[in-house]
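Now for the letters of each chain:
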Amino acid sequence: MTLRRSLLVAFAGVFAFANASAQNKPYFQQFVKYNITVSLDDVKHELTGFETLEYTNNSPDALPFIWMHLWPNGYRENGTALEKQLSRSGDLDFHFTDDENRGGIDQLDYKVDGVAAKTEAHPKHIDIIKLVLNQPLQPGKKITITTPFHVRIPNGNFSRMGHDGNEYQVTQWYPKPAVYDRNGWNEMPYLNQGEFYSEFGTFDVFITLPKNYVVGATGDLPPNDPERLWMDDLAAATAKKMETFDPKNASKEIPPSASETKTLHFHQENVHDFAWFCAKTFNVMKSQVTLPRTNHTVTTWVLFKDNHANVWKKGAGYINDALFYYSKWNGDYPYDHCTAVDGALTAGGGMEYPNITVISAGSSPFQLETVIMHEVGHNWFYGMLGSNERMHPWMDEGLNSYNELRYVETKYPNKYLLGDTLNPNPGAKVLNLERYKQKAQYYQLSNLSCRQHIDQPVEFPAEEYLELNYGAIVYSKSAVLFDYLRGYLGDELMDKCMQAYFERWKFKHPQPADFRQVMEEVSGKNLAWLFDDLIPTTKKLDYKIGDVHHNSDGSWAVTVKNTGDVKGPVSVCGVKDGNLRGMVWYDGFDGKMVLPFPPSEIDYFVLDYYEDIPEYNRKNNTARTSGLFKRTEPLKIQFGGSLDNPSRTQLFWLPAMGWNMYNGYMLGLAVYNHAAPMKRFEWEAAPMYGFRNKNIAGYAGATLHFHPKAVFDHIDVGATARRYCYSNEPLQDLDFNKVAPEILLKFKKKRAISPINQEIRLRNILIWQDNVIGKYQFTPPIYDYTQIKKSFYEVSYRIFVKDNQVHPLDVTVKLQQGDSMRKLMVTGNYKLRINKTKSIRFRVFAGTFLDNTNAGPYRFRMSGWRGYQDYLYDHTYLGRSATWEVASNQMTENDGNFKLYTPVGQSAKWLTALNIKADLPFNVKFLNSIKLYGDFGTCGSDGLNTDNFLYNAGIDLRLFGGLADVYFPLLMSTDLADAVDANGWTYVQTIRFELQLEKLNPKNLQNLIQF
């Protein structure tokens, strides 16, 4: 479907209207019969093929043309939908790759019923063309379309199709018609995020390649085919080999391709795609499984490489169990074989195709099992139930992830997020994660997005999701929603619903309304709370438990309030001595209700004991039946960080350490309430003791997050506070204290995936700083102090594109006012990428005073600032007041940002500057931390300074992963050189350094721990 249509149906109301209109049309389904011959050239990494397809028009419409997908062209050049999506997500490999690594399809020559046919380019996408029929294809009629084709197989590092040396993943490789259904044509470009939608049909595919390749493919070989016998021999040899095999001794040699070729014929019916994989180094395992309903026996195959043998050696059993459980819950697998391939996949951990899946190497057997099971499950949700994944990805990934969740819960009931009951993970208790079962990952990931209010509806076009949300919403939230439905309906009724859906819609193209109709019809329930609220919107579900009353007959009255936006069902559960004593499900309601609970001895009541419900906030779910504070959670003090625990009030801590010239070594404690997911109110405090000045230092901060529904996505209201010593003369305390309340407003974007971000920041900076006003010449001397109070206001507007994009840009306009000073500044940063690893950064600064009554202390400076020039105390300096010590050479990026310190180039009028920083043009690993810089600027003359043009250039040595930069000047303008000479500075004194110490604050460290 076109992008324009995708954007329209993104809105729930329009979606509902469009879907309802489509449902009024009678269902129809086109049919395609493929006959494809193809040969592999494993020297040039190319395919040469010929395709014959018979297309039957079962629609009520005459078709004057057919949209054809040429998806290998998504790999052809920059500007394709695939490249744009990869680049937008920060994956720039394809954008900067060489032409030899790209792919494409060409040498097409279409004929329809033997007569040449014209093609037209798609107006936006080079991987779609319009095949113009010589005459309209009437309803009920069929045509035969033929074309040769030639495919350049891309490097396998970019997406699903590709090669890694002589290992091939041949997917989405042949010309195929787009789906024509009740909504019209669904032509769509190839994407990495957002999968496929194709017509069902029959495939006969003939593959010619060197004889020593092991091939796994959609479809079956003919009976008694020599390839079958060879595969059986390989399976027997692998079984014997695995008895004593040590992967440490795995051979890395790739055998030469055989000079003799073979042609394999694969046939399959009732599928909508065909994929094949081959390598010369595959081991082969063979097994079989009998399905629970029809007793149909399915042959299962695993193709894997030596270096992954320890993880893959039980792979066939994983396929067998997946086929069994999915068949039990949904309906039996109808095909004769199922295969999993150990492949060099870059697009996620696994990728599904009919009868076959490709899996990247798992780090553990359990991880491999879950991926194999998930991908095998796609034979139902994508394969036999061929929904439109591009428009309704939850019908594919969501329903499949629900089955994945159930599989693990069924097969591994004692499995926890970390470890299990038989093999507990020692880190689980340290991180306060011992309470979380395996399925908690789905809720936690979806709530991570929800709590930040960056979540998107479950019903949404795949390409419109943020990358985080594609996992958090499409996979995780959808899985939680249908697990919630199972909890409400019960296993037996849920299975009846899913089996009815499968039987009614297998080998067809169901849409959301079709699924809903089956679920409500079979369950006998009104599921509007699911299909009208939780799926098409971002409404939040949240219930809160209130008073608990014990009735005279032994029963209970439990008050529950709906504090959310959705009237979903809720379960009330009674617990005694840590064990569940009873659970009652109630249909959803608005407002507050008193719910009856049967007689039982209860210590406490909890909503949703099994944590099936996707609640926004679970901290209001528990009420004890006795005690003074019945709804207060116990305090949990914990090192580092953790997930948000609904049964505890959490307080986290880390040691806090620091050093500067005046406080000396500082030691203290960072305490905070940050957890994952984000809380509405977050705070942190890091008080420290300075051993040199024997006084308290440190910082604190608090933020209250708001999420309005219009104009702004986020409004953060908060404040920060800092206290440090800032002078070493005298040695007594000379502190500054800063409090800065602020409001940060982040604009709502028309498209969440837009790389352009905008925000406004309002700050009031309040500073109290000690100052010496007198000195008495005693031994030791005695000083008189006063405290200076200053107040500044700052308003800034920022528009930026994040640094991981092809063309990152950041522009900030800032107005400051205070202490009889008002100035306006504009700073722009742009990165020109030369290739993936090399770039040139440009920074432009322009500033002017609007009112310079007291401009002196706040003059624009050509140099990046020293500590004493940081009048807002925004930055961290080792020697804030230093003028000649080594610490005085620390700088921060401000104003002209010259790397050479100079008193030249100060102005109470205006200043402009250009800063350039470039990577070295050659790629030598130990030199990659060296960059070249150049600074250029001029400023307005104010009687103290000239308006000469100034410049300097040199080498930037980047250290500790960007935490520090050291600048060595090599070239400077005459005015700057004269200033250096006039001050008698040695070369060492001209070397400056910059620190990014803000990256080491406790919140960032804690986030590293929890993720």
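Since we're looking at a predicted model, the values are computed, not measured.

## Here's the deal with the confidence of the model for the protein chain
Here comes step 1: The predicted model of the protein chain has a mean per-residue pLDDT of 91, with 93% of residues at 70 or higher.
Here comes step 2: Low pLDDT (under 50) marks residues 1–21, which in the prediction has 31 contacts with non-local residues, meaning those over four places away or in another chain.
Here comes step 3: Low confidence marks residues 1005–1011, where pLDDT is under 50. Its contacts with residues over four positions away, or in another chain, come to 19 contacts.

## Topic: the pattern of salt bridges
Opposite charge on two side chains allows them to pair when their charged atoms are near.
Here comes step 1: Applying the stated rule across the entire model yields 54 salt bridges.
Here comes step 2: Of the charged contacts, one joins Asp109 and Lys111 as a salt bridge, the two residues approaching to 3.5 Å between their closest N and O atoms.
Here comes step 3: Given the relative accessible area of 39%, Asp109 is considered partly exposed.
Here comes step 4: Classification of Lys111 as partly exposed rests on a relative accessible area of 31%.
Here comes step 5: Between Glu227 and Lys262 there is a salt bridge, with the nearest N and O atoms lying 2.9 Å from each other. A residue pair is termed long-range when its members are at least 10 positions apart, and Glu227 in helix H4 (residues 226–242) and Lys262 in strand S17 (residues 261–271) qualify at 35 residues.

## What to know about the packing of helix H6 (residues 315–330) against helix H7 (residues 365–377)
Here comes step 1: Close contact between H6 and H7 brings their axes to 9 Å; oriented N to C, the two are set at 45°. Here H6 lies oblique to H7, going by the angle between them. Where H6 crosses over H7, the two elements pack in a sense that is right-handed. Of H7, the residues touching H6 (which contributes Gly315, Tyr318, Ile319, Ala322, Leu323 and Tyr326) are Pro365, Leu368, Glu369, Ile372, Met373, His374, Val376 and Gly377.
Here comes step 2: Here the residues of the contact of H6 with H7 are counted per class, giving ten nonpolar, three polar and one charged.

## Overview of the environment of Thr632
Here comes step 1: Along the chain, the position of Thr632 falls in the loop between strand S30 (622–624) and strand S31 (635–639).
Here comes step 2: Residue Thr632 is classed as partly exposed on the basis of its relative accessible area of 43%.
Here comes step 3: Counting along the chain gives 15 residues from Thr632 to Ser647, while the straight-line C-alpha distance between them is 8.9 Å.

## Examining the state of the cysteines
Here comes step 1: Using the criterion set out here, one finds zero disulfides in the structure.
Here comes step 2: Cys278 provides the cysteine sulfur closest to Cys338, a residue in no disulfide bond, and the two sulfurs are 19 Å apart.

## Observations concerning the sheet that holds strand S26 (residues 570–576)
Here comes step 1: Strands sit in the order S27-S26-S29-S30 across an open sheet of four strands; the sheet is antiparallel. A single partner strand is all that each edge strand has here, and the edge strands are strand S27 (579–586) and S30. Between one strand axis and the next, the sheet turns by 20° as a mean value, whatever way the strands run.
Here comes step 2: With four bridges connecting them, S26 and strand S29 (residues 604–607) associate as antiparallel partners. From the neighbouring strand, Val572 faces S29, where its bridge partner is Leu607.

## Considerations on the pairing of strand S23 (residues 356–359)
Here comes step 1: Alternating positions in S23 separate into two faces, Ile356 and Val358 on one and Thr357 and Ile359 on the other, with burial throughout.
Here comes step 2: Note: strand S21 (residues 337–342) against S23, four bridges, orientation parallel. For Val341, the partnering residue across the bridge sits in S23 and is Val358.
Here comes step 3: Sheet topology places strand S22 (residues 350–353) next to S23; four bridges connect them, and they run antiparallel. By the bridge assignment, Met351 is partnered in S23 with Val358.
Here comes step 4: Here S22 folds back onto S23 in antiparallel fashion, the turn holding two residues, of which Asn355 has a positive phi close to 70°.

## With respect to H7
Residue pairs spaced three or four apart in an α-helix point in one direction, given the helix's 3.6 residues per turn.
Here comes step 1: The first and last C-alpha atoms of H7 sit 18 Å apart over 13 residues, in line with the 18 Å expected at 1.5 Å per residue.
Here comes step 2: Among the residues of H7, Leu368, Glu369, Thr370, Ile372, Met373, His374, Glu375, Val376 and Gly377 are the ones counted as buried.

## A few points about helix H15 (residues 974–982)
Here comes step 1: Those residues of H15 that sit buried are Leu976, Ala979 and Val980. For H15, the angular spread of the buried residues around the axis is 100°, confining them to a single face. Residues of H15 that are exposed and angled more than 90 degrees away from the buried face: Thr974, Asp981 and Ala982.
Here comes step 2: Gly984 sits one or two residues past H15 and shows a positive phi near 65°.

## Looking at the nonpolar core
Here comes step 1: Ranked by size, the top nonpolar core spans 165 residues in total, and within it Tyr55, Trp173 and Trp276 carry the most contacts.
Here comes step 2: Here Trp276 is in contact with Val38, Leu40, Leu47, Tyr168, Gln169, Val170, Trp173, Ile207, Leu209, Val215, Gly216 and Ala217, once residues within four sequence places are set aside.
Here comes step 3: Counting 42 residues, the second-largest nonpolar core is a separate cluster that includes Tyr724, Met862, Leu950 and Leu976.

Thresholds, definitions, all that
Residues numbered from 1 in each chain as written. Predicted model: local features only at pLDDT ≥ 70, side-chain atom pairs only at ≥ 80, totals over all residues. Heavy atoms only, no water. pLDDT = per-residue confidence, 0-100. Contact = heavy atoms within 4.5 Å. Salt bridge = Lys/Arg side-chain N within 4 Å of Asp/Glu carboxyl O. Buried < 20%, exposed > 50% of the residue type's maximum accessible area, 1.4 Å probe, protein only. Helix = DSSP H or I, 4+ residues; strand = E, 2+ residues; numbered from the N terminus. Axes fitted to C-alpha atoms, helices over the stretch in contact; angles between N-to-C directions. Parallel < 35°, antiparallel > 145°, perpendicular 65-115°, else oblique. Left-handed = near helix turned anticlockwise from the far one by under 90°. Nonpolar A, V, L, I, M, F, W, Y, C, P; charged D, E, K, R; others polar. Disulfide = S-S within 2.5 Å. Pairing = 2+ DSSP bridges. Expected span 1.5 Å × (residues − 1). Arc of directions from axis to C-beta. Core = buried A, V, L, I, M, F, W, Y, C linked by side-chain atoms within 4.5 Å.

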